[in-house]
Amino acid sequence: MPDRSFLNWPFFEDRHRTLAEELDAWCGKNLPVAHDDVDAACRELVAKLGQDGWLKPTALDTESPGPLDVRTLCLTRETLARHDGLADFAFAMQGLGTGALSLFGTPEQQRWLAKTRAGKTISAFALSEPRSGSDVANMEMTATRDGDDYVLSGEKTWISNGGIADLYVVFARTGEAPGAKGLSAFIVPADTKGLTIAERLEVIAPHPLARLSFDNVRVPGSALIGKPGDGFRIAMSVLDVFRSTVGAAALGFARRALDESIKRVAERKLFGAAMGELQMVQGHIADMALDVDAAALLVYRAAWTKDMGAARVTREAAMAKLFATDKAQEVIDKAVQLHGGDGVRKGHIVESLYREIRALRIYEGASDVQKVVIARQVMGAA
Ligand SMILES: Cc1cc2nc3c(=O)[nH]c(=O)nc-3n(C[C@H](O)[C@H](O)[C@H](O)COP(=O)(O)OP(=O)(O)OC[C@H]3O[C@@H](n4cnc5c(N)ncnc54)[C@H](O)[C@@H]3O)c2cc1C
């Protein structure tokens, strides 16, 4: 029986506990879906999650506006990731892709949100470029004012949902000031003339991913999100909400690895007894459980702090993401070890977790970048 004791922690309200239990039951019935065709699988997952109401927390409810509930986002990601990494991805991207609209959109722009929350429209967040991933302020893509319109030119890469998204939130240089202060954010529907999929990218844990080309893509002035020059602040505010949720997904992967390992060492006989009788094996299980609990504490501390009204949770979210993703990698590696040959067998659950976890230490701010963020926050506060 998986450990659910963390749900009793004071970070949560009863509505969170109910959600975690109900979603877990839903996942048991509906996941995993077949992954042979990842585009089709993602479309199916977004539609299914939307139809059954699970995408509602990903974006602002325009009928009853309020802040995004980060604990709900984290609990949902953790639960989905425990069952199916692609389901977590489908959920997460509906939130990340529309975060700028939830936080900074006009009522007209926020009309997209009813469709993304219902799983009828797929969204994407297009920040990274071939020469600016970690170094966002170095972005080269331009958006030039032309009458009432903006004309976007350049490339975006590593864009999750690239190729299947209906809606891209795109960051580009408008040039109000050098570096980070000269960026702006735009809504670009996928069918806008001049926007093409230049390349589909394949990674070790397959999901829809693409390099996008913008060849004089013309959008109306009403596509601008926030004010000209606000793009960097908008991107960072979105990441401030969603960064802890990456930690939550890692936590879900780690919990699954721990659960699978507990089962394995109870069932597998070695040297005439259950493998779990070996003290070195117990040492691994203890380390894994400790890392899972410590990661959960950091993730839900960050989520709770944000939900309690903190303007920014830069330090808490960076700590949660760094620790949870790095430790999940270690936990999953131990799970592979404890499974012996089965651990590296294609199609085995711990083999897929081993591939799933790796990118989380790179995207939405690599682990090294999180260390820089934490050090600056800690030294700045001293
Ligand atoms: C699976 C996947 C999905 C993604 N989805 C999206 C998406 O939906 N939208 C989007 O915009 N982008 C997305 N990305 C891009 C992702 O955010 C970038 O890959 C990431 O920011 C790193 O940028 P880079 O790949 O250009 O590596 P680089 O910026 O070249 O960095 C390489 C490495 O350098 C190190 N490093 C970087 N900065 C520092 C520093 N300050 N100090 C010390 N070391 C440092 C880190 O180890 C880093 O991994 C995705 C990436 C992947 C792999």
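This one's a predicted model, so the numbers in the text were calculated from it and none came from an experiment.

An account of helix α1 (residues 14-30) is requested, with residue identities and associated values reported.
Helix length check: α1, at 17 residues, gives a terminal C-alpha distance of 24 Å against a target of 24 Å (1.5 Å per residue), a fit within 8%. Buried residues belonging to α1 abut α2 (38-51) and α3 (70-83).

Tell me about the environment of alanine 254, residues and numbers included.
Relative to the assigned elements, alanine 254 resides in helix α6 (residues 231-267). Here alanine 254 falls in the buried class, since its relative accessible area comes to 4%. Between the alpha carbons of alanine 254 and aspartate 37 there is a distance of 25 Å; along the sequence they are 217 residues apart. Leave out the neighbours within four places in its chain, and alanine 254 touches Val292, Ala328, Val331 and Ile332.

Provide a residue-level description of the nonpolar core, including the pertinent values.
Core analysis: the biggest nonpolar cluster contains 119 residues, and Phe125, Leu152, Phe171, Phe186, Val188, Phe214 and Tyr300 have the highest contact counts within it. It is α6 that contributes the most residues to this core, 17 residues altogether. Once you skip the residues sitting within four places of it in the chain, phenylalanine 171 turns out to touch Phe125, Ala126, Leu127, Glu129, Met139, Met141, Lys156, Ser184, Ala185, Gly231, Ile234 and Ala235.

How would you explain the site of the ligand if you had to name every residue and give the values?
Looking at the ligand, there are 19 residues lining it, with Phe125, Ser128, Ser134, Trp158 and Asp368 nearest. Interatomic distance of 2.9 Å between a backbone N/O atom of leucine 127 and an oxygen atom of the ligand. When the ligand sits alone it has 970 Å² of accessible area, and the protein chains cover 66% of it. Among the elements of the structure, β1 (123-126), β3 (149-160) and α10 (367-381) are those that each provide at least two residues to the shell around the ligand. Tallying contributions element by element places β3 first for the shell around the ligand, with three residues.

What counts, and at which threshold
- Residues numbered from 1 in each chain as written.
- Predicted model: local features only at pLDDT ≥ 70, side-chain atom pairs only at ≥ 80, totals over all residues.
- Heavy atoms only, no water.
- Helix = DSSP H or I, 4+ residues; strand = E, 2+ residues; numbered from the N terminus.
- Expected span 1.5 Å × (residues − 1).
- Contact = heavy atoms within 4.5 Å.
- Buried < 20%, exposed > 50% of the residue type's maximum accessible area, 1.4 Å probe, protein only.
- Core = buried A, V, L, I, M, F, W, Y, C linked by side-chain atoms within 4.5 Å.
- Near = heavy atom within 4 Å.
- Polar contact = N/O pair within 3.5 Å; in protein donor to acceptor, adjacent residues only side chain to side chain.
- Areas by Shrake-Rupley, 256 points an atom, 1.4 Å probe, with all protein chains shown as cover.

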